[in-house]
2 protein chains.
Amino acid sequence: MSGTNRRRITSKELAKLAGVSSATISRAFSPDSRIGSATRDRILAVAREYGYQPNAIARSLNNQRSRLVALVVNAIGNPCEAEEQQLLVHRLQARQLLPIILCCADHSDRLQLMRLASTYQVDHVVIFSDMVSMQDAVDIFHTTKPIIVSFEPLENEDVSNIRIDGAAGAGEIIDKIVADGKRRFAYLSGTKSSWIDKLRRKWFADALARHGLAFEAEAFGDYSYDSGFKEAVLLLHRSKVDAVICGNDVMAIGARDAARRVLGKNTPNDIAIVGQDGIAMAGWDCNDLTTLSLDHAAFMDAVVEVIERHEAGDEGPHSITLACTPRWGSTA
Amino acid sequence: MSGTNRRRITSKELAKLAGVSSATISRAFSPDSRIGSATRDRILAVAREYGYQPNAIARSLNNQRSRLVALVVNAIGNPCEAEEQQLLVHRLQARQLLPIILCCADHSDRLQLMRLASTYQVDHVVIFSDMVSMQDAVDIFHTTKPIIVSFEPLENEDVSNIRIDGAAGAGEIIDKIVADGKRRFAYLSGTKSSWIDKLRRKWFADALARHGLAFEAEAFGDYSYDSGFKEAVLLLHRSKVDAVICGNDVMAIGARDAARRVLGKNTPNDIAIVGQDGIAMAGWDCNDLTTLSLDHAAFMDAVVEVIERHEAGDEGPHSITLACTPRWGSTA
DNA sequence: TATCGTTGTGCAAACGATTACACAAACGAT
DNA sequence: ATCGTTTGTGTAATCGTTTGCACAACGATA
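All of these numbers come straight from a predicted model, not from anything done at the bench. (Residues numbered from 1 in each chain as written. Chains lettered and ligands numbered in written order. Predicted model: local features only at pLDDT ≥ 70, side-chain atom pairs only at ≥ 80, totals over all residues. Heavy atoms only, no water.)

Observations concerning the protein's contact with DNA strand C
At step 1: Among the 27 residues in the neighbourhood of DNA strand C, the closest are listed as T24(A), R34(A), T39(A), S11(B) and S26(B).
At step 2: Per the 4 Å cut-off to the protein, sugar and phosphate atoms form 58% of the nearby atoms of DNA strand C.
At step 3: G36(A) places a polar main-chain atom, nitrogen or oxygen, 3.0 Å from a phosphate oxygen of DNA strand C.
At step 4: One nitrogen or oxygen atom from the side chain of N62(A) is found 3.5 Å from a base nitrogen belonging to DNA strand C.
At step 5: Mapped by element, the contributors of at least two residues to the surface near DNA strand C are α2 (22–28) and α4 (56–63) of chain A together with α2 (22–28) and α4 (56–63) of chain B.
At step 6: If one sorts the elements of the surface near DNA strand C by residue count, α4(B) sits on top with five residues. (Near = heavy atom within 4 Å. Polar contact = N/O pair within 3.5 Å; in protein donor to acceptor, adjacent residues only side chain to side chain. Helix = DSSP H or I, 4+ residues; strand = E, 2+ residues; numbered from the N terminus.)

Put into C-alpha cells, the structure is as follows:
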C-alpha cells in the first residue's frame, strides 16, 4: 500500500516496527516454524501495511534453493514448442517455480547463455533443444541435474530424460497411405543435424521397409513454413513422389500449400502429406492435417513429474517414454 | 571441467587456491576494477580449471541489481504473442538480461504470480497483458517502474508505455472494402473486457463512420481459432453481413474457415474478412489474410529502448507510439 | 513445590559475493 | 634521496534472509 515508495522495506526494519527481532519476521513467513500464532498474525498485518515481502534473492542465497527453472529452447515462435512451453510454464507456476527462458539460435551464444543461467543457481534445468549436447548440459549445470527432453541417444546414463516413441504410430500412418495406393515416398526433414529428426525419419523408414519400400527422395528445411513450401516445390519438381512425410506440422502445411499452389496437386488424391507434432493448428478446418501427434499435456506432465522427483531428493536418473498416436485428417 | 562435482566452488575457496583474497577474485571478474593483469589472468585460469563462476544470486543481493526481467503475458501459445516474445527474449539475452515469464489465465493467480516475481527483485517488468490494471502493476512492483505495453488509457501518468495506433491503417482497409462494394460490417471481438480490443474496434468504427456506416453486428470470442470459427457461424447465421473485422489474425482464419465451410461463402467476393496483428501465418499461402499489421521487430525494439533508458537511470516515463499498416491479402 | 517438557523469542553466524578504506610497493619527478 | 602519485591487494562491512543454539516463561506432572 505504500504507493510509490522507492526502497523496499527489509525484515530488520519491519522487526523494529513490529517490536520483534528479524528472526521472528522470518518465522512468520515460514509455514512451519515455532512461532506464536498471535505474533504471526500481528506481523503479517504489519507486513501487509508496509508492503513487506521477504526478499527472494536473499532467501535463495541462504537456502541454497532459488526456485528458478531454466528452460532451454530452440524457439518460442514455433507453434509446437510454444504450445508445450505454455503448458509447462503453467505447471511450474502452480508449484511456485519461476521459469527462465533461454532461447537462442546460435550455438556458441547458447552455451554462453546456459553458463549465465547456471550462475543464477537454478534449481532445475529442462533442455528442449537437441542442439545442445548432453555433455555440455551436464558440464555447465554440474550442480543441477538437467532433464533432457529430446531424443539423443544417451551416452551419459546419469541424466533424467523424457523420450518419445512414434514407431507404432508411424506404422499405422504408413499402412493407411500404402493401402490408399501410394508407393513413392519422400521425407522432408526439419534439420540436417538433429537427432530428433533422424529418429523421426527412422520410424517412418522402418514402417516403409515392412512394405518393401524406402524413401525415394529427401530434402532438408528448418521447421518453418517457408522452408516446407520451398523444399516441397524443389522436391516435387525433381521427383514424382506421391507421399511426403514432413518433420513437423508447420512444414507439412507449407508442403501442402506448395503442392496445391505450384504443382496443382491436391491432398489426399494426388499426393499424401503427413506432419508431426499434432499442434492445435493441425486440426483447423483449413489444414485438417494427418499427423503423428503427441499428447503435449501428458508430455509436460512427465517433465513436471521428473522435476518433482528431483525436488523430493530422488535424482534418478528418471526416464519416461511416451507414445505418439496418429491424428487422421484429410491430407493423407 | 570438474565433471559431476556436486557443490559449486566459492570465491573464498578459489581465493585460497589462487593464493589471493576473495576480494581479488571478485575484481578479476569485474571488467574495470583495479587489478594487475597478471593476477587477473592467473585467477581466470584457475577459475576455469575449477569451474568457478561468480554466484549471481549473491552478486544480486549485494548489487541490488538482479538482471532479471519479468514478462507478464496472457499466453505463450498464441502466435502473435509468441512471435513478439521471441523477438524480445533475443534482445534481452543479447544484453545479458534474463527473462522470467509470468503467464497466467486466471486473474487472481496472475496477481499472486506478479507478487512472487517482485520478490525476486527483477530489474524491469514488461506487461503485455491488458488484463492487468496499471495500478496493480505499480503497486506490486513499486520499486521497479514497469513498462506497460498495452492500450489502457493512462490514468497513471508515471508509467512508461508503448502504444499502437492503427487508426490510419484501419482507414485504408475500410476504404478499400467499401470501394469493393461491401456495406454491411460486423466486428468479431477478441475479448469482452479488454481495452485493447475496444481501441482496435474504435479504429475501424471511426473509419466506417467516415463512410456513413457502422457495425451492424458484434460477437465476442477469446482470440482463439475455435472461438473465431464458432462465433462467425452464429454471427453469419443471424445477420447478413458481407464483411467481418476480427480481433486478431487467428480468429480471422477461424472466421474465414467458418464462412467457407459452414456458409459456403468465399473471400473476398461473398464476404471480406480482416485480421489484426500481422503474424507470420497471415502470409502463408493457405491464409493470405488482409490484416492490420504491426511491425513486431520495431515494437520490441521500442520495448528494449525504454528498458535501456531505465537502465541508464532515466526512468521517464517514456512513451512510444507505433503505427500499424495494412497487409493486403486475398481475404478482403 | 521442585521438575520437566513445551513453546516462543532473540542472538549471532552463516549464505557468497562486492566495495570503501587502508596500506605497501613501485614509480616518476624533483 | 625524498616526496607524491599511481597501482595492486587485503581487511572488513554490507546486502536481507534463515536457522542452530540458548534461554525465559509457562503449564503439567509428581
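The discussion continues.
Focus: the relation of the copies chain B and chain A
At step 1: Its rotation angle being 180 degrees, the transformation that places chain B on chain A also includes 0.0 Å of axial translation and leaves an RMSD of 0.0 Å. In the structure described here, the two chain copies are related by an operation that fits a two-fold rotation axis. If distances are taken from each C-alpha of chain B to the rotation axis, the shortest is found for I100(B), at 2.3 Å.
At step 2: When the interface residues of chain B are mapped onto chain A, 100% of them again lie at the interface, so the same face is used by both copies. (Least-squares fit on C-alpha atoms with pLDDT ≥ 70 in both. Contact = heavy atoms within 4.5 Å.)

A few points about the interface of chain B and chain A
At step 1: Contact with chain B, which involves 64 residues of that partner, is made by 64 residues of chain A.
At step 2: Of the roughly 5,800 Å² buried between chain B and chain A, counting both surfaces, carbon and sulfur atoms make up 60%.
At step 3: Contact with chain A buries surface across chain B, with R8(B), I57(B) and H142(B) losing the most and accounting together for 13% of the total.
At step 4: Where chain B meets chain A, there are two salt bridges.
At step 5: A salt bridge links D285(A) to R261(B); the nearest nitrogen and oxygen atoms lie 3.3 Å apart.
At step 6: On inspection of chain B and its partner chain A, the count reaches 22 residue pairs in polar contact (both at pLDDT 80 or more).
At step 7: Taken together, the elements giving at least two residues each to the side of chain B that touches chain A come down to α4, α5 (79–94), β2 (98–103), α6 (107–118), α10 (225–238) and α11 (249–261) of chain B.
At step 8: Per-class residue counts for the side of chain B that touches chain A are 30 nonpolar, 22 polar and twelve charged. (Buried area = accessible area lost by both parts, 1.4 Å probe. Salt bridge = Lys/Arg side-chain N within 4 Å of Asp/Glu carboxyl O. Nonpolar A, V, L, I, M, F, W, Y, C, P; charged D, E, K, R; others polar.)

A look at the packing of α4(A) against α4(B)
At step 1: Close contact between α4(A) and α4(B) brings their axes to 9 Å; oriented N to C, the two are set at 140 degrees. Viewed along their axes, α4(A) and α4(B) adopt a mutual orientation that is oblique. With respect to the hand of their crossing, α4(A) and α4(B) are arranged in left-handed fashion. Taking contact as the criterion, the partners of I57(A), A58(A), S60(A) and L61(A) in α4(A) are, on α4(B), I57(B), A58(B), S60(B) and L61(B).
At step 2: Looking at side-chain class alone, the contact of α4(A) with α4(B) contains six nonpolar, two polar and no charged residues. (Axes fitted to C-alpha atoms, helices over the stretch in contact; angles between N-to-C directions. Parallel < 35°, antiparallel > 145°, perpendicular 65-115°, else oblique. Left-handed = near helix turned anticlockwise from the far one by under 90°.)

Digging into unusual backbone geometry
Residue and element names in this part refer to chain A.
At step 1: Here the amide bond leading from T267 into P268 is cis, since omega sits at -10 degrees, within 30 degrees of zero.
At step 2: Relative to the elements of secondary structure, P268 occurs in the loop between α11 (249–263) and β9 (272–277).
At step 3: At R67, a position not held by glycine, the phi torsion is positive, near 60 degrees.
At step 4: Take R67: it is sitting in the loop between α4 and β1 (68–73).

Regarding the protein's contact with DNA strand D
At step 1: For DNA strand D, the set of nearby residues contains 28 residues, the closest of which are S11(A), S26(A), T24(B), R34(B) and T39(B).
At step 2: Counted by atom, the contact set of DNA strand D within 4 Å of the protein is 57% sugar and phosphate.
At step 3: One of the side-chain nitrogen or oxygen atoms of N62(A) is found 3.1 Å away from a base oxygen of DNA strand D.
At step 4: Of all elements in the fold, only α2 and α4 of chain A together with α2 and α4 of chain B reach the threshold of two or more residues within the surface near DNA strand D.
At step 5: A class-by-class count of the residues in the surface near DNA strand D yields eight nonpolar, 15 polar and five charged.

Describing the packing of helix α8 (residues 167–179) of chain A against helix α9 (residues 195–209) of chain A
All names here are of chain A.
At step 1: Remark: α8 packs on α9, axes separated minimally by 8 Å, with the N-to-C direction vectors making an angle of 50 degrees. Here α8 is positioned oblique relative to α9, judged by the angle of their axes. Relative to α9, the crossing made by α8 is right-handed. Across from A167, A170, G171, I173 and I174 in α8, the residues of α9 making contact are W203, F204, A207 and L208.
At step 2: Here the residues of the contact of α8 with α9 are counted per class, giving eight nonpolar, one polar and no charged.

Quick notes on the sheet that holds strand β12 (residues 325–327) of chain A
All names here are of chain A.
At step 1: Strand order in the open sheet formed by six strands is β7-β6-β8-β9-β10-β12, and the pairing between neighbours is mixed. At either end of the open sheet lies a strand with only one pairing partner, and these are β7 (215–220) and β12. Recorded for the sheet is a direction-independent mean angle of 20 degrees between the axes of neighbouring strands.
At step 2: Helix-sheet contacts for helix α10 (residues 225–238) involve β6 (185–189), β7 and β8 (243–246), and the interaxial angle to β7 is about 145 degrees. (Pairing = 2+ DSSP bridges.)

Digging into the pattern of salt bridges
Residues and elements named next belong to chain A.
At step 1: Tallied over the full model, the rule gives 30 salt bridges over all chains.
At step 2: The residue R65 makes a salt bridge to D123 at a minimum N-O spacing of 3.5 Å. Placement of R65 in the loop between α4 and β1 and of D123 in the loop between α6 (107–118) and β3 (124–127) is noted, with a sequence separation of 58 residues between them.
At step 3: Classification of R65 as partly exposed rests on a relative accessible area of 36%.
At step 4: Judged by its relative accessible area of 15%, D123 is buried.
At step 5: In this structure, a network of salt bridges that share partners links the residues R65, D123 and E311. (Buried < 20%, exposed > 50% of the residue type's maximum accessible area, 1.4 Å probe, protein only.)

Points about the pairing of β8(A)
Residue and element names in this part refer to chain A.
At step 1: Residues A243 and I245 of β8 are buried on one face, and the alternating residues V244 and C246, pointing to the opposite face, are buried as well.
At step 2: As paired elements, β6 and β8 share four bridges and run parallel to each other. Counterpart to L188 in the pairing with β8 is C246.
At step 3: Bridge analysis of β8 against β9 gives three bridges, and the strand direction is parallel. Among the inter-strand pairings, V244 is bridged to a residue of β9, identified as I273.
At step 4: This β-α-β element, β8 to α11 to β9, shows right-handed connectivity. (Right-handed = clockwise from strand over helix to strand, strands pointing away.)

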